[in-house]
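Letter by letter, the chains look like this.
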Number of protein chains: 2
Amino acid sequence: MDKKAAVAGMEMFAGLAPDKIAELAAVAEVRRRERGRVIFRAGEAADGFYSVASGKVRIYRSSPSGKEHILHVFGPGAAFAEVVVFQGGVFPADAQALEDSELLFFPRRGFAALLRDDPELAMSMLALLSARLRFFVQKIEELSLKEVPARLAAHLLLLHSAQKKMRLDLELPKGQLAGYLGTIPETLSRVLRKMADDGLIVLDGQAVVLRDVERLEELASGQKNL
Amino acid sequence: MDKKAAVAGMEMFAGLAPDKIAELAAVAEVRRRERGRVIFRAGEAADGFYSVASGKVRIYRSSPSGKEHILHVFGPGAAFAEVVVFQGGVFPADAQALEDSELLFFPRRGFAALLRDDPELAMSMLALLSARLRFFVQKIEELSLKEVPARLAAHLLLLHSAQKKMRLDLELPKGQLAGYLGTIPETLSRVLRKMADDGLIVLDGQAVVLRDVERLEELASGQKNL
């Protein structure tokens with residue numbers, strides 16, 4: 001296996017400069033796992049993360065009764081177990097090769113040493129992840145922007161009829177409210193701001209003051225868009 | 001301003017341990033900008049990134065004719081310019097306070113020194129960003145999983161009628177194809193895998209071999225789901 005090519009093909013590292021790819025390839029170990037072989041077990045120390053160079057891996061939880069619940073299936077280019085390895089801790093689930101697979105293993109210690117010796121690598125990785133997050137936030141907004149204003153308007157009207165006043169306490173932390181409305185906090189904030197800019201509501205710290213119940217009703221019923 | 005509280009309130013750092021928050025607060029500088037004041041200009045060296053503690057900031061591009069195009073509006077908790085600062089380079093757009101605002105400024109050099117001195121901080125940040133990415137990927141899948149299989153099936157049938165064979169060349173890199181279908185590469189890969197598992201297609205490197213045109217047609221027309 002060409003380790004550098006395999007590292008360059010990882011979504012997580014896509015776009016890193018060739019010298020950074022070479023540094024990462026130098027700490028990565030090639031591990032071959034035949035179809036059916038276990039890669040790690042839940043509860044084992046998360047001493048490194050993996051990526052799939054070829055083949056397919058499943059991550060699953062086994063119940064005491066032997067029932068298995070598949071959490072993810074990863075194919076070429078995907079990293080797995082990186083979150084728990086970055087955080088430190090134990091693997092939260094089992095991993096098994098679904099096909100004969102070639103994996104790259106990045107030992108936590110070697111990876112941490114690399115970040116210490118080359119803070120620019122850490123910055124580059126943070127840049128990549130941040131840029132992808134930005135892009136994903138935008139994508140989620142595009143996908144949910146049709147529906148979230150209507151759902152939010154309906155939710156505000158519900159609170160209004162329950163609290164019997166114009167100044168509403170949202171009752172839920174923003175993250176939970178976003179989840180309840182089927183979106184993410186970034187999109188929720190944006191929709192709240194848009195509603196405020198359009199004169200439907202006023203934002204006052206954690207409170208929302210209703211300004212135009214009629215237009216909120218039109219929004220909630222789908223007659224109008226934001 | 002309570003710097004530590006402001007750092008802890010940043011989405012980017014949400015969930016970091018108190019000692020990491022304290023380290024970050026120690027390198028952050030408080031900058032107050034009155035409504036209308038420019039924070040940075042496109043073309044200036046990106047010597048640090050910002051977060052909004054209170055107030056509102058807009059990021060915009062100005063054309064030579066003086067026309068302005070707003071790219072983002074950021075409110076409390078949001079970081080801005082972090083991607084370009086992590087990458088190194090110059091600010092790609094202008095930033096201006098839309099309200100009297102309190103900002104935190106994280107100088108690039110101080111931030112890089114922190115990552116060098118405490119690689120665990122880098123790992124924690126990578127863990128946070130990776131976990132959010134995972135979550136966002138899942139969210140995008142939930143939001144687009146109803147429509148992407150139908151769109152992909154329609155696209156494969158289109159290629160099939162153009163290329164007049166069962167073994168299709170996808171013609172576009174996966175990232176572009178994902179964008180074309182209104183989703184992200186992660187979701188596209190998942191849908192392709194699911195189609196393969198269900199016997200509709202066979203994946204062979206960059207090629208897709210059609211196995212069940214009838215079911216693909218049902219999928220494309222919305223008569224069946226994947």
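Residues numbered from 1 in each chain as written. Chains lettered and ligands numbered in written order. Predicted model: local features only at pLDDT ≥ 70, side-chain atom pairs only at ≥ 80, totals over all residues. Heavy atoms only, no water.

By the naming in an unreviewed UniProt entry, chain A goes by Crp/Fnr family transcriptional regulator and is assigned to Desulfolutivibrio sulfodismutans.

Peer 1: Break down the overall build of chain A for me, with residues and values.
Peer 2: Looking only at helices and strands, chain A has nine helices and eleven strands in total. Taken over C-alpha atoms, the radius of gyration comes to 23 Å for chain A, far larger than the 17 Å a tight globule of 226 residues would show. If you take every contact in chain A between residues at least 6 apart in sequence, the share linking residues at least 24 apart comes to 68%. Accessible area of chain A: about 10,800 Å², with a carbon and sulfur share of 51%. Computing the positive centroid from 31 side-chain charges and the negative centroid from 30, chain A places the two 2 Å apart. (Helix = DSSP H or I, 4+ residues; strand = E, 2+ residues; numbered from the N terminus. Rg over C-alpha atoms; globule rule 2.2 N^0.38 Å. Contact = heavy atoms within 4.5 Å. Areas by Shrake-Rupley, 256 points an atom, 1.4 Å probe, with all protein chains shown as cover. Lys, Arg positive; Asp, Glu negative; His and termini not counted. Charge placed at Lys NZ, Arg CZ, Asp CG, Glu CD.)

Peer 1: Now, about the nonpolar core: what can you tell me, with residues and values included?
Peer 2: Of all hydrophobic cores here, the largest spans 106 residues; its most connected members are Phe13 and Phe80 of chain A together with Phe13 and Phe80 of chain B. Aside from chain neighbours lying at most four places away, what touches Phe80 of chain A is Ile39, Phe40, Phe49, Tyr50, Ser51, Val52, Val57, Ile59, Phe74, Ala95 and Leu103 of chain A together with Arg134 of chain B. One finds Ala153, Leu168, Leu192 and Leu219 of chain B within the second-largest nonpolar core, a separate group that totals 22 residues. (Core = buried A, V, L, I, M, F, W, Y, C linked by side-chain atoms within 4.5 Å. Buried < 20%, exposed > 50% of the residue type's maximum accessible area, 1.4 Å probe, protein only.)

Peer 1: I'd like a rundown of the interface of chain B and chain A, residues and numbers included.
Peer 2: Contacts between the two partners involve 44 residues from chain B and, on the opposite side, 44 residues from chain A. Summed over the three residues of chain B that lose the most area to chain A, namely Met123, Leu126 and Arg134 of chain B, the buried surface amounts to 16% of that side. Where chain B meets chain A, there are seven salt bridges. Linking Arg132 of chain B and Glu186 of chain A is a salt bridge whose minimum nitrogen-to-oxygen distance equals 2.5 Å. Put simply, chain B and chain A have ten residue pairs in polar contact (both at pLDDT 80 or more) between them. (Buried area = accessible area lost by both parts, 1.4 Å probe. Salt bridge = Lys/Arg side-chain N within 4 Å of Asp/Glu carboxyl O. Polar contact = N/O pair within 3.5 Å; in protein donor to acceptor, adjacent residues only side chain to side chain.)

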